[in-house]
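Residues per chain, in single letters:
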Amino acid sequence: MKPLTELVVDYIASEGFDVVDHIALEIPDNLDVACHDPVRLPEIVSGLNLDDVDVIVLSACVQMPSLPAIAKVEALTGKPVVTAAVATTYAMLKALELEPVVPGAGALLSGAY
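Residues numbered from 1 in each chain as written. Predicted model: local features only at pLDDT ≥ 70, side-chain atom pairs only at ≥ 80, totals over all residues. Heavy atoms only, no water.

**Re the overall build of the protein chain**
Next up, step 1: Tallying secondary structure elements over the protein chain gives 5 helices and 2 strands in all.
Next up, step 2: Going residue by residue from the N terminus, the α and β elements of the protein chain occur as α-α-α-β-α-β-α.
Next up, step 3: For 113 residues, the compact-globule formula gives about 13 Å, and the C-alpha radius of gyration of the protein chain, at 14 Å, lands near that figure.
Next up, step 4: With the C-alpha coordinates of the protein chain rotated into their principal frame, the extents come out at 35 × 35 × 30 Å.
Next up, step 5: The buried share of the protein chain, reckoned over its 113 residues, is 29%.
Next up, step 6: By sequence separation, contacts in the protein chain at least 24 residues apart represent 48% of the contacts at least 6 residues apart.
Next up, step 7: Entry remark: accessible area of the protein chain is about 7,300 Å², with carbon and sulfur atoms responsible for 59%.
Next up, step 8: In the protein chain, 5 positive and 16 negative side-chain charges are present, and the distance between their average locations comes to 6 Å. (Helix = DSSP H or I, 4+ residues; strand = E, 2+ residues; numbered from the N terminus. Rg over C-alpha atoms; globule rule 2.2 N^0.38 Å. Buried < 20%, exposed > 50% of the residue type's maximum accessible area, 1.4 Å probe, protein only. Contact = heavy atoms within 4.5 Å. Areas by Shrake-Rupley, 256 points an atom, 1.4 Å probe, with all protein chains shown as cover. Lys, Arg positive; Asp, Glu negative; His and termini not counted. Charge placed at Lys NZ, Arg CZ, Asp CG, Glu CD.)

In structure tokens, the structure reads:
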């Protein structure tokens, strides 16, 4: 929803990052968020302004399935993609002193970082 999206954008900006563009999917029910088809995400991203963007936050919702779209969005845009689930996985693996590598889960979990 737009108010939640604005809250997330404001938080990211408060951490020192410039948010170039964003979109709210306007899905009011969390169960419906979990049912969102990740195949739609690359098309949604294609409508964003990606000029001067270093990374794409594909989803800030841990309940939204986005893993199947990460590689496609990275291939289409040439930019690394992160999601709430990917960032959480990365942090958990690092905290457990495990190698933060998950094949097919995007640049952050590629082993490059």
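That shown, we press on.
**Details of the nonpolar core**
Next up, step 1: Residues Leu 41, Ile 56, Leu 58, Val 73, Val 81 and Leu 109 are the most contacted members of the largest nonpolar core, which totals 18 residues.
Next up, step 2: Within the residue set of this core, elements represented by two or more residues are α3 (41–46), β1 (56–59), α4 (67–77), β2 (81–83) and α5 (84–95).
Next up, step 3: Non-local contacts of Val 73, meaning those with residues more than four positions away in its chain, are made with Pro 42, Val 45, Ile 56, Leu 58, Gly 78 and Val 81. (Core = buried A, V, L, I, M, F, W, Y, C linked by side-chain atoms within 4.5 Å.)

**Section: the confidence of the model for the protein chain**
Next up, step 1: Scored by pLDDT, the protein chain comes out at a mean of 94, with 100% of its residues at no less than 70.
Next up, step 2: Averaged pLDDT values for the elements of the protein chain fall to 90 in helix α2 (residues 30–34) and rise to 96 in α3. (pLDDT = per-residue confidence, 0-100.)

**Overview of unusual backbone geometry**
Next up, step 1: The phi dihedral of Glu 26 falls on the positive side, at around 55°, and the residue is not glycine.
Next up, step 2: The backbone of Glu 97 sits at a positive phi, close to 55°, despite the residue not being glycine.

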